[in-house]
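# Coordinates in review
Residues per chain, in single letters:
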Amino acid sequence: MTSLKLDEIQNNFTQCLTTKANDVCQHFNADAEFTEWQRLEVYRTNGRSLHVSVLSEDYPVCKKILGDDYFKQVARFYYQNYSSGSFDLNAYGDNFADFINLLQSERSELESYSYLSDLALLENAI
């Protein structure tokens, strides 16, 4: 096992939370009940849930228009594609309007919501 500095392990761990990489698992202690991958998955699930919750709070009107289930699907997709550039979750959804705009060009079910990215911009400003 390679000797890494704490900040390298932390950066590796953070990257593993939003990707399929499991490199950080080598630093976990062995456990008879859970594999290293299962332990990492707990963090991934909690991180994803937290970020989806933040977007739900920041974009309540978008959520109401899209419905809970579809909004959560969009928020999870956003989480997979846009990592937070800050430790402050208040800034997490800053690219959400751009993401909605891109999503509208890719998903036919969003065609009738041409105003949605503008609404997201307004909600972010508020």
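Residues numbered from 1 in each chain as written. Predicted model: local features only at pLDDT ≥ 70, side-chain atom pairs only at ≥ 80, totals over all residues. Heavy atoms only, no water.

### Details of the overall build of the protein
- In terms of helices and strands, the protein carries 6 helices and 0 strands.
- Beginning at the N terminus, the succession of helices and strands in the protein can be written as α-α-α-α-α-α.
- Each of the 126 residues in the protein was classed as buried or not, and the buried ones make up 30%.
- Element-wise, carbon and sulfur atoms account for 50% of the exposed surface of the protein, whose accessible area totals about 8400 Å². (Helix = DSSP H or I, 4+ residues; strand = E, 2+ residues; numbered from the N terminus. Buried < 20%, exposed > 50% of the residue type's maximum accessible area, 1.4 Å probe, protein only. Areas by Shrake-Rupley, 256 points an atom, 1.4 Å probe, with all protein chains shown as cover.)

### Concerning the confidence of the model for the protein
- Of the residues in the protein, 87% reach a pLDDT of 70 or more, and the chain-wide mean stands at 83.
- The least confident element of the protein, judged by mean pLDDT, is helix α1 (residues 6-18) at 75; the most confident is helix α3 (residues 60-66) at 96. (pLDDT = per-residue confidence, 0-100.)

### Considering the pattern of salt bridges
- By the definition in use, this model includes 1 salt bridge.
- The shortest N-O distance in the salt bridge between aspartate 68 and lysine 63 comes to 3.8 Å. (Salt bridge = Lys/Arg side-chain N within 4 Å of Asp/Glu carboxyl O.)

### A look at the environment of leucine 122
- Tracing the chain through its elements places leucine 122 in helix α6 (residues 116-125).
- Note: C-alpha distance between leucine 122 and tyrosine 59 (63 residues apart in sequence) is 9.3 Å.

### Notes on α6
- For α6, the full list of buried residues reads Leu116, Ser117, Leu119, Ala120 and Glu123. Considered in projection along α6, the buried side chains sweep an arc of 155 degrees and stay on one side of the axis. Turned more than 90 degrees from where α6 packs its buried face, Asp118 and Ala125 sit exposed.
- Against the buried residues of α6 lie α2 (36-58), α3 and α5 (96-106). (Arc of directions from axis to C-beta. Contact = heavy atoms within 4.5 Å.)

### Section: the packing of α5 against α6
- Where α5 contacts α6, the axes come no closer than 8 Å and their chain directions differ by 175 degrees. The angle between α5 and α6 places the two elements in the roughly antiparallel class. Contacts between α5 and α6 involve Phe96, Ala97, Ile100, Asn101 and Gln104 on the former and, on the latter, Leu116, Ser117, Ala120 and Leu121.
- Here the contact of α5 with α6 is composed, by residue class, of 6 nonpolar, 3 polar and no charged. (Axes fitted to C-alpha atoms, helices over the stretch in contact; angles between N-to-C directions. Parallel < 35°, antiparallel > 145°, perpendicular 65-115°, else oblique. Nonpolar A, V, L, I, M, F, W, Y, C, P; charged D, E, K, R; others polar.)

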